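Examining the three-dimensional arrangement
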Amino acid sequence: YYRARIQAEGYYREEGLLRNVIMLSFRKQLPAVSRALASRQARAQGTKSGTWVEGGSKLDTSLVHSAVSPEPKTGAILTPLFLSTTFVQDSVEDYLAKGFSYSRTNNPTTSALEAKLAELENGYGACAFGTGMAATTSAISATMKTGDHCVISDCSYGGTNRSCREFFTPLGMEFDFVDFRDPENVKKAMKPNTKLIFSETPANPVLSLTDIEAISKIAKDAGAKHVVDATFATPVICRPLDHGADMVIQSLTKYYEGHNIMTGGAVISKDKEMAEKVKWVQNVHGNIINPFAAYIILQTSKTMGIRVRQQSKNAQAIADFLESHPKVTKVVYPGLASHPQKALADKYHRDGLHGGMLWFDIVGGADAGKKLMNVCQRPWSLCENLGATESIITACAVMTHANMLKEDRLKVGITDGFIRVSCGIEDSDDLIRALKVALDQI
């Protein structure tokens, strides 16, 4: 297993910094070749335990098995956890012959997660980071420099907005925050120095959608890159790289991890050149995910398909309940016929799944919204995060989006009483009953 991995990895030095490129031949071609050989042997000699059945794998199977093989010495079914900072070399001449030197650059457990991410998102290569924000800032760093311009969604995760305004802008980069619901807005905002288009779909927290193919075409025509934060969708619902995007960002903390245990982030690139740039940034910044977090996410991601389907089912039931409640003035969920971009949701979201996120307003405005969040009982939890097994209510104005400028926050509809809901995997009847009790107190 590791011999095959090492043979499929290319290492080289550039500007004095070690860079590792995980090759597509390992992530896709090598397993395909191995399975093809196994299939031919099976036809000639009969099947054998440990070989793969002929034909490709569907998503739920890939979630479990992608980039994971039994450990060769012991037969352990899980990828081992390598808690080692450094790796002993046999000689100076054989430096990196075993494929690993220092865990800031690569670690066997982390590399297995990155290979899994690339396959699940249908990308060339992936880089896993310590947090979702580390992934976001690395994607920007890999595509922009002083004097460059970015067209970015006017509604995104609050940390993304803040990093562009307060970190990258003082470095001489320029950002225009645009309503991505109409691709023409993006097209009009393009400049000769535009190097990056940054979209988020569904957008956090208002759940507006982006026409990925249309925006990707605008980027391509201008010689820019298009990165999509698809954390709310996950590859279970939508894979932006299949629709022309150059990179996809995932906050692994959310649905991939899904149990409120670890933080993590990832950038998955469509081609070799982009994958190499992001890997270089990861190594320079030193923000690679730690092996223990990578090990946990390798396990939790196996059930992501099951969880996302249950979370989507719960979200649909809760959205239907809220839409019929007299004290609810507005409900936004991509699965509702009332969603203003329902046709776009149906175009990009597979299998009628629209995710576990929704939001709503109630009579009485901001004060009533804050009161509901304060009185809503378990199984709901009032906290940050989303995509986990536990159902969460978040006060975005004071939690996830507090670092946006207030005028920008209000402009996109995030009021002080904005109620964001992340549906877990509990029974929907219990979740609805708790919401009803809370609404009765308004």
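Structure's up top.
Quick look at the structure, then. Nothing here was measured: the structure is a model prediction, and the numbers come from that model. (Residues numbered from 1 in each chain as written. Predicted model: local features only at pLDDT ≥ 70, side-chain atom pairs only at ≥ 80, totals over all residues. Heavy atoms only, no water.)

1. What about the packing of helix 5 (residues 132–143) against helix 6 (residues 158–168)?
Close contact between helix 5 and helix 6 brings their axes to 10 Å; oriented N to C, the two are set at 50°. Considering the angle they form, helix 5 stands oblique to helix 6. As for how helix 5 packs across helix 6, the hand of that crossing is right-handed. Contacts between helix 5 and helix 6 involve Met-133, Thr-136, Thr-137, Ile-140 and Ser-141 from the first element and Gly-159, Thr-160, Ser-163, Cys-164 and Phe-168 from the second. For the contact of helix 5 with helix 6, the class distribution of residues is four nonpolar, six polar and no charged. (Axes fitted to C-alpha atoms, helices over the stretch in contact; angles between N-to-C directions. Helix = DSSP H or I, 4+ residues; strand = E, 2+ residues; numbered from the N terminus. Parallel < 35°, antiparallel > 145°, perpendicular 65-115°, else oblique. Left-handed = near helix turned anticlockwise from the far one by under 90°. Contact = heavy atoms within 4.5 Å. Nonpolar A, V, L, I, M, F, W, Y, C, P; charged D, E, K, R; others polar.)

2. Some words on the pattern of salt bridges
Side chains bearing opposite charge may pair, as long as their charged atoms lie close to each other. Under the defined criterion, the tally for this structure stands at 16 salt bridges. A salt bridge links Glu-174 to Lys-191, with the nearest nitrogen and oxygen atoms 2.3 Å apart. Placement of Glu-174 in strand 5 (residues 174–178) and of Lys-191 in the loop between helix 7 (183–189) and strand 6 (194–200) is noted, with a sequence separation of 17 residues between them. For Glu-174, a relative accessible area of 30% gives the class partly exposed. Its salt-bridge partner being Asp-242, residue Arg-239 comes within 3.0 Å of it at the nearest N-O pair. (Salt bridge = Lys/Arg side-chain N within 4 Å of Asp/Glu carboxyl O. Buried < 20%, exposed > 50% of the residue type's maximum accessible area, 1.4 Å probe, protein only.)

3. Comments concerning the nonpolar core
Of all hydrophobic cores here, the largest spans 52 residues; its most connected members are Leu-113 and Leu-117. Looking at this core, the elements that each hand over two or more residues are helix 4 (108–120), strand 3 (125–129), helix 9 (234–237), strand 9 (265–269), helix 11 (291–300), helix 12 (304–323), helix 13 (342–348) and strand 11 (357–362). Top contributing element to this core by residue count: helix 11, with six residues. In contact with Leu-113, other than residues within four places in its own chain, are Ala-128, Leu-252, Ile-289, Ala-294, Ile-297 and Leu-298. (Core = buried A, V, L, I, M, F, W, Y, C linked by side-chain atoms within 4.5 Å.)

4. Digging into the sheet that holds strand 5
Taken in spatial order, the seven strands of this open sheet run 3-9-8-7-6-4-5, and their pairing is mixed. Edge strands, defined here as strands with exactly one partner in the open sheet, are strand 3 and strand 5. Each adjacent strand pair in this sheet contributes to an overall mean axis angle of 20°, direction not counted. Here strand 3 pairs with strand 9 via five bridges, running antiparallel. Counterpart to Ala-128 in the pairing with strand 9 is Ala-266. Taken strand by strand, helix 6 contacts strand 4 (149–153), strand 5 and strand 6, and its axis lies near 150° from that of strand 5. (Pairing = 2+ DSSP bridges.)

5. Structural notes on unusual backbone geometry
With omega at 5°, the peptide bond leading from Asn-204 into Pro-205 counts as cis. Tracing the chain through its elements places Pro-205 in the loop between strand 6 and helix 8 (212–222). The omega torsion of the bond from Arg-378 to Pro-379 falls at 20°, within 30 degrees of zero and hence cis. Residue position: Pro-379 is located in the loop between helix 14 (365–375) and strand 12 (381–382). Unusually for a residue other than glycine, Thr-234 sits at a positive phi of about 65°. Within the element layout of this structure, Thr-234 appears in helix 9. At Asn-260, a position not held by glycine, the phi torsion is positive, near 60°. Following the sequence through the fold, Asn-260 ends up in the loop between strand 8 (247–250) and strand 9.

6. Let's talk about the side chain of Arg-165
Take Arg-165: it is sitting in helix 6. What makes Arg-165 buried here is its relative accessible area of 19%. Of the polar contacts made by the side chain of Arg-165, one reaches the side chain of Asn-161; its length is 2.5 Å. Sequence-distant contacts of Arg-165, defined by excluding residues within four places in its chain, comprise Pro-170, Phe-177, Asn-403, Met-404 and Leu-405. (Polar contact = N/O pair within 3.5 Å; in protein donor to acceptor, adjacent residues only side chain to side chain.)

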